[in-house]
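# Examining the three-dimensional arrangement
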Number of protein chains: 4
Amino acid sequence: MGKNRLEAFSDGVIAIIITIMVLELKVPHGASMAALVELTPVFFGYVLSFVYVGIYWNNHHHMLHASARVNGKVLWANLHLLFWLSLIPFTTTWVGENVMAPLPVALYGVVLSFAAVAYYILEKCLISCNPSDHILANAVGKEYKGAVSVVLYLLAIPLAYLHVCAAYALYIICAMVWFLPDRRIEAQMRS
Amino acid sequence: MGKNRLEAFSDGVIAIIITIMVLELKVPHGASMAALVELTPVFFGYVLSFVYVGIYWNNHHHMLHASARVNGKVLWANLHLLFWLSLIPFTTTWVGENVMAPLPVALYGVVLSFAAVAYYILEKCLISCNPSDHILANAVGKEYKGAVSVVLYLLAIPLAYLHVCAAYALYIICAMVWFLPDRRIEAQMRS
Amino acid sequence: MGKNRLEAFSDGVIAIIITIMVLELKVPHGASMAALVELTPVFFGYVLSFVYVGIYWNNHHHMLHASARVNGKVLWANLHLLFWLSLIPFTTTWVGENVMAPLPVALYGVVLSFAAVAYYILEKCLISCNPSDHILANAVGKEYKGAVSVVLYLLAIPLAYLHVCAAYALYIICAMVWFLPDRRIEAQMRS
Amino acid sequence: MGKNRLEAFSDGVIAIIITIMVLELKVPHGASMAALVELTPVFFGYVLSFVYVGIYWNNHHHMLHASARVNGKVLWANLHLLFWLSLIPFTTTWVGENVMAPLPVALYGVVLSFAAVAYYILEKCLISCNPSDHILANAVGKEYKGAVSVVLYLLAIPLAYLHVCAAYALYIICAMVWFLPDRRIEAQMRS
């Protein structure tokens, strides 16, 4: 089974997710600088989530690029990942409207954790579907970044109740860890 | 006539349908757990419809993958299917806002029935357009799953007036029946 | 210059246009049959516009399928067509909310006229970019359907002020005329 | 690494950006000509932004068409460009609702400046990723149009506070300068 349509559909869904978040940047009433400044937290929430969805797109791109085949399980593992990503605009907006409230900040981490787990499941499905694909298997074999980021998200959830800013710091650190696309796969493909 | 653009357009429309439903998960006022819990029925409606649209995408993917050609009739049969799928966000939101009301739950089944019939018509058009395509013809020849699910949807419509939960149960059972992509086609292609 | 990205971008825009119209099918307050019945005019407006946008997608598909090359002029002629198509959700919603008012019904025809003219311009640009492409040139050479439909739209605009239903009838007739994809091109390609 | 998915994802995001702007053309209350005329500034804002996003899509198309390869840096430079483009619907709506207010008109220029800089960065990343690609390197080597337009946007920002219409004039002039796709690249590819 070809992977082209899986990629095309995922591109479509991720493109919509990344773009509908901007619809939550509601145009302020009036044209004053004060009205614009009030949007700052929503704007930074948008930037953070844009980076996260961009990271997922980039890594999804690399992982599927390294896979030769997909099967029915991969299709559903992919839809499962897209489901959790599709909740990011919701949590982003809620955080943007309640910047210092613990629950929205914790929920942001919950959704990111599920997305990270879904990404991990998709990875496993792709490897079991491409058993002899050494590029993919070797490259993602030591999945330390994924494990580290799940741990960080799970830490951020209770931390949001102790100190909201510390939870934000963890989300930003995690985004930085993932910022670079998976160089291991790229390195494997070149060698 | 090539099928690439038909697939690309369908991917685009289905990606939008599956994603705009999340826009109905309106961010709650306030940041309390109670406000979040109130969203539970809307959330489960979103999950159910996400699974249904995912099922249609998966089966559409498999069916077109097994077809070599498309013609003008197929283009319109496909648009007809997309039309009914495009109504799923509407019925999902209505059900989510009126969880125990019979009419929205019945309408949900009406739209699913029309989508199932549209899928069946698309299948017939594809077979008549690819008459010598034994993979497709043999594979979908005994279309019992489609028939069973139409019967279940039609049962769910009156049932919604008798016992709303029984109608929901039928929708969930039906989604489970379809959960796995059409293994018959996959099996045929391998053999 | 390849035509793949032009097709992909057009597919994306048309997919969004056809799908965002359904967002205007606002979920009724309450779960009564009366509330649902009130949506009937908006629903029929949605069906009519879905068919129109579907017609444009189908014909766009056929025309580009018959073209080997595109150039800078074609890119802009295509964006020009997409611009007018992008106004259809706006006029559809306005008609749906003011079913018997002449101005919205007339504006619906104005936008359809501009879209038809834009389609004609795109056709001319494609022919001048593919001068030796006999399939395309012969097939669209006698563009009677396009001319007829522009005349019908232009008739519908004043008619909306005399008798709204007559204008609707013209829009429906026009959609029927275009319903079948351009069989001339299909016939040419087979021969 | 192939560029197909980068193109497909960018097409998706740009298609959504260009289309969601039309959602801000809110249907007027009532069906009078006066209500329609009130939409004129919003409509012209939509036209201007449609042209700008169309220009970016066209130039993006040409630039990637001339590139053979992409790498991780290009993926992020591309997402960076898409980020600034995704803010255009926001600034367009704000300008449309406050046509003669300096701040929204200035912010429109700020976002265009950042988008122009992001485009320039993407160009540099593509050239460094395709070092021996003379078509691309020669063609974009003398990037005068990009520099001129950034200067014009930066001029328009203070000008919005002195004379709003002069700022609009600069945006319109700039759009005209960019209206034609990058003929240098096209010319290089033909020779």
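Residues numbered from 1 in each chain as written. Chains lettered and ligands numbered in written order. Predicted model: local features only at pLDDT ≥ 70, side-chain atom pairs only at ≥ 80, totals over all residues. Heavy atoms only, no water.

For the record, the criterion: UniProt positions are given in the numbering used here, feature names are shortened, and annotations may be inferred rather than shown by experiment.
Looking at an unreviewed UniProt entry, one finds chain A named TMEM175 family protein, with Duganella zoogloeoides as its source organism. Per UniProt, chain A carries the Catalytic activity (unreviewed entry) text "K(+)(in) = K(+)(out)".

## Here we look at the packing of aromatic side chains
To keep things clear, this is the line we draw: The pairing test for Phe, Tyr and Trp rings, Trp by its six-membered ring, is centres within 6.5 Å, and the orientation test on the planes gives stacked under 30 degrees, edge-to-face over 60, and tilted for anything in between. Exposure classes here rest on a 1.4 Å probe applied to the protein chains alone. A residue is buried below 20% of its type maximum, exposed above 50%, and partly exposed in between.
Enumeration according to the criterion identifies 48 aromatic pairs over all chains in this entry. Ring geometry for Phe 43 of chain A versus Phe 44 of chain A: centroids 5.8 Å apart, planes at 75°, classification edge-to-face. A relative accessible area of 24% means that Phe 43 of chain A is categorised as partly exposed. Exposure remark for Phe 44 of chain A: the relative accessible area of 53% places this residue in the exposed category. Among the aromatic residues, those joined into a cluster by ring pairs are Phe 43, Phe 44, Tyr 46 and Phe 50 of chain A together with Phe 83, Trp 84 and Phe 114 of chain D.

## Concerning the relation of the copies chain C and chain D
Cut-off, in case you're wondering: Superposition of the copies used a least-squares fit over C-alpha atoms from residues whose pLDDT is at least 70 in both. Contacts between residues were defined by any pair of non-hydrogen atoms, one from each residue, lying within 4.5 Å.
Turning chain C through 90° and shifting it by 0.0 Å along the axis lays it on chain D, with an RMSD of 0.0 Å. These values place the two chain copies in the arrangement generated by a four-fold rotation axis. When C-alpha positions in chain C are compared against the rotation axis, the closest is assigned to Gly 12 of chain C, at 4.2 Å. Take the interface residues of chain C: only 4% of them recur as interface residues in chain D, which is what a contact between different surfaces looks like.

## A word on the UniProt feature "transmembrane region" (unreviewed entry) in chain A
All names here are of chain A. Our working rule: Helix and strand assignments come from DSSP, with helices taken as H or I runs of at least 4 residues and strands as E runs of at least 2, each series counted from the N terminus.
With numbering matched to this structure, UniProt assigns "transmembrane region" (unreviewed entry) to residues 6–23, 35–55, 75–96, 103–122 and 150–180. The distance from the first to the last C-alpha atom of residues 6–23 is 26 Å, and the span holds 83% helix and 0% strand. A distance of 28 Å separates the end C-alpha atoms of residues 103–122, which is 100% helix and 0% strand.

## Considerations on the relation of the copies chain B and chain A
Here chain B sits on chain A after a turn of 90° about the axis and a move of 0.0 Å along it, with an RMSD of 0.0 Å. With a heterologous cut-off of 20% or less, the 3% of interface residues of chain B that recur at the interface of chain A puts this contact in the heterologous class.

## A few points about the nonpolar core
Let me state the cut-off plainly: Buried Ala, Val, Leu, Ile, Met, Phe, Trp, Tyr and Cys residues that are joined via side-chain atoms within 4.5 Å together make up what is termed a nonpolar core.
In terms of nonpolar packing, the biggest core is built from 283 residues, with Tyr 52 of chain A together with Tyr 52 of chain C touching the most fellow members. Discounting residues that sit within four places of it in the chain, Tyr 52 of chain C has contacts with Tyr 108, Leu 112, Tyr 153, Tyr 171, Cys 174 and Ala 175 of chain C.

## Quick word on the interface of chain B and chain A
Accessible area lost upon the coming together of the parts serves often as the stated size of an interface. Operational definition: We define buried area as the total accessible area lost by two parts upon association, computed with a 1.4 Å probe and summed across both. By convention in these notes, a salt bridge is any Lys or Arg side-chain nitrogen within 4 Å of a carboxyl oxygen on Asp or Glu. Here a polar contact is taken to be a pair of N or O atoms separated by no more than 3.5 Å, where protein atoms must pair a possible hydrogen donor with a possible acceptor and residues adjacent in sequence count only if both atoms sit in side chains.
The interface of chain B with chain A comprises 37 residues on the first partner and 28 residues on the second. Taken together, both faces of the contact between chain B and chain A bury some 2,900 Å²; the carbon and sulfur share is 78%. Viewed at the interface, chain A and chain B are joined by 1 salt bridge. Taken together, the links from chain B to chain A amount to 5 residue pairs in polar contact (both at pLDDT 80 or more). Only helix 1 (4–20), helix 2 (33–37) and helix 3 (40–65) of chain B provide two or more residues apiece to the side of chain B that touches chain A. In terms of residue count, helix 3 of chain B provides more of the side of chain B that touches chain A than any other element does, 14 residues in total.

## Some remarks on empty space enclosed by the protein
Residues and elements named next belong to chain C. Just so we agree on the cut-off: Only protein atoms enter the 1 Å grid used here, on which a cavity is any set of points holding a 1.4 Å probe that cannot leave and a pocket is any open set flanked by protein within 12 Å on both sides along at least five of seven lines; residues with an atom within 4 Å of a point are listed as lining. Grid points are joined across faces, edges and corners, and a volume is the space filled by probe spheres set on the points. Gly is put with the polar residues, along with every residue not named as nonpolar or charged; the nonpolar set is Ala, Val, Leu, Ile, Met, Phe, Trp, Tyr, Cys and Pro, and the charged set is Asp, Glu, Lys and Arg.
What the rule picks out here adds up to 6 cavities of 30 Å³ or more. In terms of lining, the largest cavity is formed by 12 residues, of which the most central are Tyr 56, Ala 116, Tyr 119, Gly 146 and Trp 178. Top element by residues in the lining of the largest cavity is helix 6 (residues 102–129). It accounts for 4 residues. Broken down by class, the residue content of the lining of the largest cavity amounts to 7 nonpolar, 3 polar and 2 charged.

## Section: the pattern of salt bridges
Taken as a whole, this structure holds 8 salt bridges over all chains when the rule is applied. We note a salt bridge from Glu 24 of chain A to Lys 26 of chain A, for which the minimum N-O separation is 3.5 Å. Classification of Glu 24 of chain A as partly exposed rests on a relative accessible area of 26%. The shortest N-O distance in the salt bridge between Arg 5 of chain C and Asp 11 of chain D comes to 2.8 Å.

## A look at the interface of chain C and chain D
Counting from both sides, the interface comprises 28 residues of chain C and, opposite them, 37 residues of chain D. Per-residue buried area on chain C facing chain D is highest for Arg 5, Phe 9 and Trp 76 of chain C; these three make up 30% of the total on that side. At the boundary of chain C with chain D, the tally comes to 1 salt bridge. Joining chain C to chain D, the criterion identifies 5 residue pairs in polar contact (both at pLDDT 80 or more). Taken together, the elements giving at least two residues each to the side of chain C that touches chain D come down to helix 1 (4–20), helix 4 (72–86), helix 5 (88–97) and helix 6 of chain C.

## A few points about helix 5 (residues 88–97) of chain D
The buried fraction of helix 5 of chain D is high, at 9 of 10 residues. Ile 88, Pro 89, Phe 90, Thr 91, Thr 92, Thr 93, Trp 94, Val 95 and Gly 96 of chain D are the residues of helix 5 of chain D that are buried.

## A short note on the environment of Ser 86 of chain A
Its location among the elements puts Ser 86 of chain A in helix 4 (residues 72–86). Among all residues touching Ser 86 of chain A, those that are not within four sequence positions of it are Ile 17 of chain A together with Val 22, Tyr 46 and Phe 50 of chain B. Of the polar contacts made by the side chain of Ser 86 of chain A, one reaches the backbone oxygen of Phe 83 of chain A; its length is 2.7 Å. Here Tyr 46 of chain B takes part through its side chain, which lies 2.5 Å from a polar atom of the side chain of Ser 86 of chain A.

## Side note on the packing of helix 4 of chain A against helix 3 of chain B
Quick note on the threshold: All axes are obtained by fitting lines to C-alpha atoms, using only the stretch in contact for helices, and the reported angles, taken between N-to-C directions, cover 0 to 180 degrees. Should the near helix be turned anticlockwise from the far one by less than a right angle, the crossing is left-handed, and should it be turned clockwise, the crossing is right-handed.
Here helix 4 of chain A crosses helix 3 of chain B at 145°, and the two axes come no closer than 11 Å. As for the relative orientation of helix 4 of chain A and helix 3 of chain B, their crossing is right-handed in sense. Residue-level contacts link Leu 75, Trp 76, Leu 79, Leu 82, Phe 83 and Ser 86 of chain A of helix 4 of chain A to Phe 43, Tyr 46, Val 47, Phe 50, Val 51, Gly 54, Ile 55, Trp 57, Asn 58, His 61 and His 62 of chain B of helix 3 of chain B.

## With respect to the environment of Leu 64 of chain C
Tracing the backbone shows Leu 64 of chain C in helix 3 (residues 40–65). Taking the relative accessible area as the measure of exposure, Leu 64 of chain C reaches 1% and is therefore buried. The sequence separation of Leu 64 of chain C and Asn 4 of chain C amounts to 60 residues, and the corresponding C-alpha distance is 9.6 Å. Among residues more than four places away in sequence, those in contact with Leu 64 of chain C are Arg 5 of chain B together with Lys 3, Leu 6, Glu 7, Val 70 and Leu 126 of chain C.

## Observations concerning the side chain of His 62 of chain A
Position of His 62 of chain A among the secondary structure elements: in helix 3 (residues 40–65). Within the structure, His 62 of chain A has its side chain in polar contact with the backbone oxygen of Asn 58 of chain A (distance 2.7 Å).

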